[in-house]
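The lines below spell out each chain.
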Amino acid sequence: MTDMRYLAPQTLDEAVGAYAAAAGAARILAGGTDLLVQMRSGMVKPGLIVDIKKIAEMTAVEQTADGGFRVGAAVSGAALAEHPTFGQVWPGVLEGFNLIGSTQVQGRASMGGNLCNGSPAADSVPALVAAGAVVTVQGPDGRRELKVEDVPAGPGKTNLKPGEILVSFTLPPRPKGSGDAYLRMIPRTEMDIAVVGVGVSLTLENGVCTAARVGLGAVAPTVLLVEDAAKALIGSKLDDAALDAAAAACSAACRPIDDKRGTIAYRTKVAGVLLKRTAAIAAERAKGN
Amino acid sequence: MNDQTNKWIGKRTIRPDGVDKVTGRACYAADNSMPGMIWAKVLRSPHPHAKIRGIDTSKAEALPGVKAVATAKDFVEFPIDTAVPLGIQDMRWMARNMLAHERALFHGHPVAAVAATTAEIAAEACKLIEVDYEVLPWAVEIDDAIAPDATPLFDHIQFEGKPSNIAGKLEHKKGDIEAGFAEADVIIERSFTTRPVHQGYIEPHACTVSVAADGKTTVWSSSQGQFMVRAMTAYLTGIPQSDIRAIPAEIGGGFGGKTIVYLEPVAAILSRKSGRPVKMVMTREEVMRATGPTSGAKMTVKIGAKKDGTIVAGQGTFYLQAGAFPGSPIRGAAGCSFTPYAIPNVLSTGYDVVCNRSKVAAYRAPGAPIGAYGVECVLDEVAQAIGMDPLEMRLKNIAHDGTKAVHGPVFQSIGFAQTIEAALKSDHYKTKLTGKFQGRGVANGWWFNAGGESSAQVNITEDGNVVVTTGHPDIGGSRASIANITAELLGIDYDRVSVLIGDTATIGFSNLTGGSRVLFASAMVVTESTEKVIEQLKQRAAKIWGIDASAVVWENGEARPSGEHTGNFPTMTLAELGAKANETGGPIGAGSQQNTTGAEGGFATHICDVEVDVDLGTVTILRYTCVQDVGKAIHPAYVEGQMQGGVAQGIGWALNEEYIYDKQGRVDNPSFLDYRMPVCSDLPMLDTIMVEVPNPKHPQGVRGVGEAPLVPGPAAVCNAVSNALGIRFHDLPLSPPRIVAAIDANMKQAAE
Ligand SMILES: Cc1cc2nc3c(=O)[nH]c(=O)nc-3n(C[C@H](O)[C@H](O)[C@H](O)COP(=O)(O)OP(=O)(O)OC[C@H]3O[C@@H](n4cnc5c(N)ncnc54)[C@H](O)[C@@H]3O)c2cc1C
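Residues numbered from 1 in each chain as written. Chains lettered and ligands numbered in written order. Predicted model: local features only at pLDDT ≥ 70, side-chain atom pairs only at ≥ 80, totals over all residues. Heavy atoms only, no water.

Visitor: Before we go on, may I ask you to explain the overall build of chain B in this structure?
Guide: Secondary structure assignment for chain B yields 21 helices and 30 strands. Taken over C-alpha atoms, the radius of gyration comes to 27 Å for chain B, in line with the 27 Å a tight globule of 752 residues would show. The C-alpha extent of chain B, read off along each of the three principal axes, is 95 × 75 × 50 Å. Relative to its full complement of 752 residues, chain B shows a buried share of 62%. (Helix = DSSP H or I, 4+ residues; strand = E, 2+ residues; numbered from the N terminus. Rg over C-alpha atoms; globule rule 2.2 N^0.38 Å. Buried < 20%, exposed > 50% of the residue type's maximum accessible area, 1.4 Å probe, protein only.)

Structure follows, in structure tokens:
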């Protein structure tokens, strides 16, 4: 019975102004596929909703001068899938994002919402972490940049400061021989929450892995960057020993909970299994690039 | 009826309710609203078990916008120690399930309800109700509920002379099991558990109830029986049944779970108090927390066989969770599990265990899939132990016409042998599996099927078309089947028959849509009504022609003179006779009301192929065939739909569905996200083989098909997974963590 206001500003400054002024009582609305569900269940009752989809920068996808990409925080999964080149360069990021929900959800869901919702199981985040993506945020004090892995602070929490809005994701240019991939374990084949999610990005030169990053989801309070797994892969030919070591590093990095979605033992084991499978797909893609 | 000459029976006609459903026009329970309507919400217990010392509703009543508050005190009183049977329910339990009386017995148990001008105000007012609880120790699992130190849910329930949570026992006995097991060459005994699973209907419970100033009450709701809604509302409010008109909405799934009510009597109380129509709509969370799943169970099954595969003895002990009130489906578990087989010595015992979780409701062949799970898994091991094909071994032991079932009746006309033979001959069974970690499982199942009360009215319109009214909510395509039968009997086009579901004021008493009884029973009364109508039509033609009615035949939708009058008059169509109805004696139409008998049980044989991802523990269903004796398939597409739906639910039960409770005794997964029913992409095309052995005691040979297809599912899937891995599984669901844990334990054991 409390009143709720809805704003759909055209500019980021307006959005930041209104959002900051509401001091905590406001919520940003991108696709709303998390927010509206939370409102309906009574989890959140915002006094102000700031819809960011009318802001051009938030819904744009551009290739940067150096060959990287900048993806607006509110770009939907369906829109990114239709981009002519993004999916060729970052197939793993795109497949993680496109795994979210169903066709209907894809028309709305954004990577910004997926990240800011703060779920450890967010499907687009491990691949973004593996990609080395950086986010631009804007707040009352101006703009700053953060690594994707530094955004979540715990389940449902982020390190954004009061009044800050996530504007875009910047993905770096790709060296030749690079590939990425994302796999998740869910008990069903769709419409489920990741029990474990693994993103791998790597670069191969003459069959040797020269660069790698591994993002691991749903096994700790936040999505993890697993540097030990990357180290095990770098310098190897992705032979069994290297993959075993990387898998062991993923299992070791897990700090999961026993819950309705999976046991500690299961999640820990599956983190390693998925690392191997994801790395194999990323390597296959790297060979083709 | 001869198949070759059938024009409509056995045809895949377009379902009458189809267009409305696919275009969104169909009116479900929550779609109804009325002028002046207000909204009601339910306050639910935050404790799994607590005495209710008092309820103070004064603050809620004082909140602006609140129009009425209801507690158990507003219901007609039914003492806790006196049974008040209504069908398979007991109204003293139904009353206490709808609004807690002496105690709150599960987390989410309704304690009070508020009606207000908006749903938000009603919810807000619920928070202002002060309930004085005395929290009690609780038990949600069977072992905890029957432990010697468990707190009984009811003071008056005793088992073996002591206060207990075992509320009932059922025993079926045949022969001498000691002697039977003594003859056996192989004896396998295993213990199993299954988890409670929800029916998973898409449409949450909803109703609108209007009690007028003169007490005349109208109920709009979706249920599996408008007459059940009327009766339960009458019992709890004291309003006579003749003053209650229960109008069935289109129903968005029930699977047994809507054979009882949760809301209508409460809404009626609130409407009577406020003078306004009251609407109630459950959320999915409320559905998952407080409406019926079927029982979780623990059981031990022991089967003895000779080396040649002859089963000589079977013993089963089944403990089923009833939830908060007595009445788990032990009859289905203990009664159906051994019934497919002609075993000379059987002892099958069921125990009804109350515990602090929501009261169970019927779910497709209640209890039978649970019992079949234990028996069919042990049979698999027996077949393996004696080195026989699992289906051949079953075939050697099956019941035939004349076999006396362990629960009493003698089978008269069953198609079980034909069903298994069709499975053995199927392309599926003959195709060998080749992949690693692939496996095949088979299982059988049986369900009673039912007859009972039905009413129908068949009217001929003035333009010579037909309106058929029956009294059963259509949850599986029964309107289409009734239209097929009526069109066939009258010899007219299917499109000229409209089939409606009457409300309690417009059609005679008709029992629940349940027990796979609807087409069996309603076809009987519709047939009788239609035959009466045909008699009338012949009389009208005879009158016009001035001949004796016995000289008129009805053929291809026309009256024709016969015998000495053959060819003397032009034939008269239904349209012509309809147009002349008033001149020839008045409106043409007839009704029929019967307590139908002659239902015959149904058998199903399932074949399931799976592949297991041994690192992730996920199971992929590669191929699934459901073979079933369906009697006569009046509408084959909907018979197949019933079979496929049953299989899908069985697969869900086997693989991922389960209620998960937290440490405070609360359901932890009350949503379709975490309560994992199969989604479309989880299943391959589910193959069906209909074996048609008509029921000779039914005019069209109908047997009942809705429930049997769920019975073998969990066992067939479990046998397939066991076959794929060489590890026997005894506990459902076969979720990925459980499978990985079993594989790891097995490897560890092998290494030691
Ligand atoms: C049916 C269904 C299925 C789903 N399946 C999946 C799945 O498979 N995998 C998965 O990971 N998720 C899934 N989700 C969750 C959800 O769809 C995703 O998290 C989605 O990416 C959220 O994006 P959105 O744009 O809809 O976010 P919104 O709901 O608009 O926002 C989510 C949160 O982030 C905040 N926010 C949004 N944008 C910004 C911004 N730019 N700056 C600051 N804060 C912001 C909002 O205030 C809100 O708190 C599912 C949801 C539904 C309803």
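That covers the picture; the talk isn't over yet.
Visitor: How should I be thinking about the overall build of chain A in this particular structure?
Guide: Check the secondary structure of chain A and you find eleven helices and 14 strands. Rg of the C-alpha trace for chain A: 19 Å, near the compact-globule value of 19 Å for 289 residues, within the 12% margin. In terms of overall dimensions, chain A has a C-alpha envelope of 60 × 45 × 35 Å along the principal axes. Per-residue burial for chain A yields a buried fraction of 52% across its 289 residues. Taking the contacts inside chain A whose residues are at least 6 apart along the sequence as the reference set, 58% of them involve residues at least 24 apart. Carbon and sulfur atoms make up 54% of the accessible area of chain A, which amounts to about 12,200 Å² in all. Where the 29 positive side-chain charges of chain A centre and where its 28 negative ones centre are 4 Å apart. (Contact = heavy atoms within 4.5 Å. Areas by Shrake-Rupley, 256 points an atom, 1.4 Å probe, with all protein chains shown as cover. Lys, Arg positive; Asp, Glu negative; His and termini not counted. Charge placed at Lys NZ, Arg CZ, Asp CG, Glu CD.)

Visitor: Would you explain the pattern of salt bridges in this entry?
Guide: When the charged atoms of two side chains with opposite charge come close together, those side chains can pair. All names here are of chain B. Applying the stated criterion across every chain, the model contains 60 salt bridges over all chains. For the salt bridge of Lys-21 with Asp-17, the shortest nitrogen-to-oxygen distance reads 2.8 Å. Between Lys-538 and Glu-535 there is a salt bridge, with the nearest N and O atoms lying 3.2 Å from each other. Within this pair, Lys-538 and its partner Glu-535 are both found in helix α16 (residues 518–545), separated by three residues, close to a single helical turn. (Salt bridge = Lys/Arg side-chain N within 4 Å of Asp/Glu carboxyl O.)

Visitor: Which parts of the structure should I look at to understand the packing of aromatic side chains?
Guide: For any pair of aromatic rings, the description rests on two quantities: the centre-to-centre distance and the angle between the ring planes. All names here are of chain B. Applying the stated criterion across every chain yields a total of 19 aromatic pairs over all chains. Taken together, a centroid distance of 4.9 Å and an interplanar angle of 75° make the contact between Trp-447 and Phe-448 edge-to-face. Trp-447 sits in the buried class, given a relative accessible area of 7%. By the ring-pair criterion, three or more aromatic residues cluster together here, those being Phe-411, Phe-416, Trp-446, Trp-447, Phe-448 and Phe-603. One residue, Lys-298, lies across the ring of Tyr-319, its end atom 5.3 Å from the ring centre. (Phe/Tyr/Trp six-rings, centres within 6.5 Å; stacked < 30°, edge-to-face > 60°. Lys NZ or Arg CZ within 6 Å of the ring centre and 35° of its normal.)

Visitor: What am I meant to see in the nonpolar core here?
Guide: It is characteristic of soluble globular proteins that their nonpolar side chains tend to be buried jointly. Within the largest apolar cluster, 105 residues are counted, with the highest numbers of intra-cluster contacts made by B:Ile303, B:Tyr624, B:Val721, B:Leu725, B:Phe729 and B:Ile739. Counting residues in each nonpolar core, the second largest holds 50 residues, with A:Ile52, A:Phe69, A:Val151 and A:Ile165 among its members. (Core = buried A, V, L, I, M, F, W, Y, C linked by side-chain atoms within 4.5 Å.)

Visitor: I'm lost on the site of the ligand in this one. Help?
Guide: Residue and element names in this part refer to chain A. Surrounding the ligand, one finds 32 residues, the nearest of these being Ile-28, Thr-33, Asp-34, Ser-110 and Asp-123. Contact between the ligand and Gly-31: an oxygen atom at 2.7 Å from a main-chain N or O atom of the residue. At 2.7 Å from an oxygen atom of the ligand is found a main-chain nitrogen or oxygen belonging to Leu-35. The fraction of the free accessible surface of the ligand (970 Å²) that becomes covered by protein chains is 88%. The element best represented in the shell around the ligand is helix α7 (residues 111–116), accounting for four residues. (Near = heavy atom within 4 Å. Polar contact = N/O pair within 3.5 Å; in protein donor to acceptor, adjacent residues only side chain to side chain.)

Visitor: Teacher, can you tell me more about unusual backbone geometry here?
Guide: Peptide bonds are mostly trans, and most non-glycine residues show a negative phi. Here the residue pair B:Leu732 and B:Pro733 is connected by a cis peptide bond, since its omega of -5° sits within 30 degrees of zero. Positive phi, close to 70°, is recorded for A:Ala218, a residue that is not glycine. Along the chain, the position of A:Ala218 falls in the loop between β13 (208–217) and β14 (224–225). Positive phi is not limited to glycine here, since B:Glu160 has a value of about 50°. Judged by relative accessible area, B:Glu160 falls into the exposed class, the value being 65%.

Visitor: Explain helix α20 (residues 713–725) of chain B to me, please; I cannot follow it from the model alone.
Guide: An α-helix turns once per 3.6 residues; consequently, residues spaced three or four apart project the same way. All names here are of chain B. For α20, which comprises 13 residues, the first-to-last C-alpha distance of 19 Å matches the rise-based estimate of 18 Å (1.5 Å per residue) to within 8%. Of all 13 residues that make up α20, twelve are buried, and the element is covered over most of its length. Within α20, the full set of buried residues consists of Gly-713, Pro-714, Ala-715, Ala-716, Val-717, Cys-718, Asn-719, Ala-720, Val-721, Ser-722, Ala-724 and Leu-725. Remark: Gly-726 follows α20 within two positions and exhibits a positive phi of approximately 70°. (Expected span 1.5 Å × (residues − 1).)

Visitor: Got a minute to help me understand the domain arrangement of chain A in this structure?
Guide: How big an interface is tends to be stated in terms of accessible area lost as the parts join. Residues and elements named next belong to chain A. Considered domain by domain, chain A is made up of domain 1 (5–119 + 134–171) and domain 2 (178–288). Using only C-alpha atoms to locate each centre, domain 1 and domain 2 end up separated by 25 Å. With 15 residues of domain 1 in contact, the opposing surface of domain 2 contributes eleven residues. When domain 1 packs against domain 2, the two sides together hide about 1,100 Å² of surface, and 56% of this comes from carbon and sulfur. Summed over the three residues of domain 1 that lose the most area to domain 2, namely Glu-95, Leu-99 and Glu-149, the buried surface amounts to 41% of that side. At the boundary of domain 1 with domain 2, the tally comes to two salt bridges. Residue Arg-213 is joined to Glu-149 by a salt bridge in which the shortest nitrogen-to-oxygen separation is 3.0 Å. Scanning the region where domain 1 abuts domain 2 turns up six residue pairs in polar contact (both at pLDDT 80 or more). If you list the elements that add at least two residues to the side of domain 1 that touches domain 2, you get α5 (91–98) and β8 (152–154). A breakdown of the residues in the side of domain 1 that touches domain 2 according to their chemical character gives eight nonpolar, five polar and two charged. (Domains from an automatic or database assignment. Buried area = accessible area lost by both parts, 1.4 Å probe. Nonpolar A, V, L, I, M, F, W, Y, C, P; charged D, E, K, R; others polar.)

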